[in-house]
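What follows is the residue order along each chain.
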Amino acid sequence: MNILDTDKCLLIGLGNSNSTPDSLGPKVIDSIIITKHLFDLDGVDVLDGYRNVSCFKPSVLALTGIETKDLIKGIIKETKPDFVIIIDALASSSISRVNKTIQFTDAGIFPGSGVGNSRGELSHTTLGVPVIAIGVPTVVDAVTIVSDTINYLMKKFSYSKKTFNNVKNKLKPITSINYLEDNEDVLTTKDKRKLLGEIGSLSEEEIKQLIFEVLTPIGYNMMVTPKEVDFLIDKLSTIISNGINRTLHNNIHLID
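A.B. asks: Whenever I open this one, the state of the cysteines confuses me. Can you help?
C.D. replies: Put plainly, two cysteines are in a disulfide when a covalent bond ties their sulfur atoms together. Taken as a whole and judged by the stated rule, the model has zero disulfides. Residue C9 stays outside any disulfide, its sulfur separated by 9.9 Å from that of C55, the closest cysteine. Taking the relative accessible area as the measure of exposure, C9 reaches 1% and is therefore buried. Of the residues examined, C55 reaches a relative accessible area of 32% and is grouped as partly exposed.

A.B. asks: Even after reading the chapter, I still don't get the packing of helix α6 (residues 142–163) against helix α9 (residues 204–215), so can you show me in this structure?
C.D. replies: Two numbers describe a pair of packed helices, the interaxial angle and the distance between the axes. Orientation of α6 relative to α9, taken along the N-to-C sense of each, is 140 degrees, at an axis distance of 9 Å. On the basis of the axis angle, α6 is oblique to α9. Considering how the two elements wind past one another, α6 and α9 form a crossing that is right-handed. Residue-level contacts link A142, V143, T144, V146, S147, I150 and N151 of α6 to E204, I207, K208, I211, F212 and L215 of α9. Residues belonging to the contact of α6 with α9 are distributed by class as follows: eight nonpolar, three polar and two charged.

A.B. asks: Teacher, can you tell me more about unusual backbone geometry here?
C.D. replies: Glycine aside, the phi torsion of most residues is negative, and most peptide linkages are trans. Of note in the backbone geometry, K80 takes a positive phi value of approximately 55 degrees without being a glycine. If you trace the backbone, K80 turns up in the loop between α4 (68–79) and β3 (83–92). A positive phi angle, near 60 degrees, is found at N99, a position not held by glycine. By the element assignment, N99 lies in the loop between β3 and β4 (103–105).

A.B. asks: Help me understand α9 in this model?
C.D. replies: Residues three or four positions apart in an α-helix share a direction because the helix packs 3.6 residues into each turn. Under the 1.5 Å per step criterion, the end-to-end length of α9 is 17 Å for twelve residues, consistent within 8% with the ideal 16 Å. Along α9, the positions that sit buried rather than exposed are I207, I211 and L215. Down the axis, α9 shows its buried residues gathered within 60 degrees of arc, on one side only. Buried-residue contacts for α9 involve α6.

A.B. asks: Explain a nonpolar patch on the surface to me, please; I cannot follow it from the model alone.
C.D. replies: A cluster of nonpolar residues, I199, L202, L210 and V214, forms a patch on the protein surface that exposes about 280 Å² of accessible area. For L210, the location among the structural elements is in helix α9. With a relative accessible area of 34%, L210 lands in the partly exposed category.

A.B. asks: Please clarify how the nonpolar core should be interpreted in this entry.
C.D. replies: One broad rule of soluble globular proteins: the nonpolar side chains tend to lie buried together. Counting residues in each nonpolar core, the largest one holds 19 residues, and the members touching the most others are L11, L24, I85, I87, I244 and L248. At the level of elements, β1 (9–14), α1 (24–30), β3, β5 (131–141) and α10 (229–248) are the ones that each hand at least two residues to this core. No other element matches α10, which puts six residues into this core. Discounting chain neighbours no more than four positions away, the residues touching L11 are I29, I32, V53, S54, C55, F56, I85, I87, I244 and L248.

Procedures and definitions
- Residues numbered from 1 in each chain as written.
- Predicted model: local features only at pLDDT ≥ 70, side-chain atom pairs only at ≥ 80, totals over all residues.
- Heavy atoms only, no water.
- Disulfide = S-S within 2.5 Å.
- Buried < 20%, exposed > 50% of the residue type's maximum accessible area, 1.4 Å probe, protein only.
- Axes fitted to C-alpha atoms, helices over the stretch in contact; angles between N-to-C directions.
- Helix = DSSP H or I, 4+ residues; strand = E, 2+ residues; numbered from the N terminus.
- Parallel < 35°, antiparallel > 145°, perpendicular 65-115°, else oblique.
- Left-handed = near helix turned anticlockwise from the far one by under 90°.
- Contact = heavy atoms within 4.5 Å.
- Nonpolar A, V, L, I, M, F, W, Y, C, P; charged D, E, K, R; others polar.
- Expected span 1.5 Å × (residues − 1).
- Arc of directions from axis to C-beta.
- Patch = residues over 30% accessible without salt bridge, like charges linked within 9 Å, V, L, I, M, F, W, Y side chains within 5 Å.
- Areas by Shrake-Rupley, 256 points an atom, 1.4 Å probe, with all protein chains shown as cover.
- Salt bridge = Lys/Arg side-chain N within 4 Å of Asp/Glu carboxyl O.
- Core = buried A, V, L, I, M, F, W, Y, C linked by side-chain atoms within 4.5 Å.

So this is what it looks like as structure tokens:
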């Protein structure tokens, strides 16, 4: 992205600090080493190995009444950073990735899009400076949970069919068998229809769309998060803030 060591950085922590699964952005910002005010002071010699860094926590539209994009564009216009790093909590498209993946992109981000409340795009195109987006999927909707469960059900049946006559497997406790490690699908279309009826003949995308059409109109496509989300958000925010600090400032050590 052609970012130089001397380029000024603005960090944006998106999200609602009052909602634990959505508080990742603000929590990361709380642990960032801020130096812009030192660079702005006349006569202050800033040590080598530190970058000009500022930050902002825009909160959410429901609390401010102002679009996040408008707030950020105003700050960029006044402070003139050379690039922006945006941190946000995401909605996962798979239950296997919830709180387990840290995603990076230079394509920008659409705040709220994961929960069906898409706000203005935040990207190089809309903000006028390079944008690095860092996100962690912290919630998952009911549609994804149900469709993934059906998919896992198929994998479990496939594994059972393949290993039915394996004597070693019969001696193993059911809880110790990870059928997801076997990627071979031995179920026929007839097997799937026998197990799940007409649903068994649908593709993964068709099953997901069907569940969406069932749950969404009646308001049951809920967003959920693991019960240990408080602990996970604290740990994830520490990992991300440490990574950002060490990347932006060469003289920064890890923060416990």
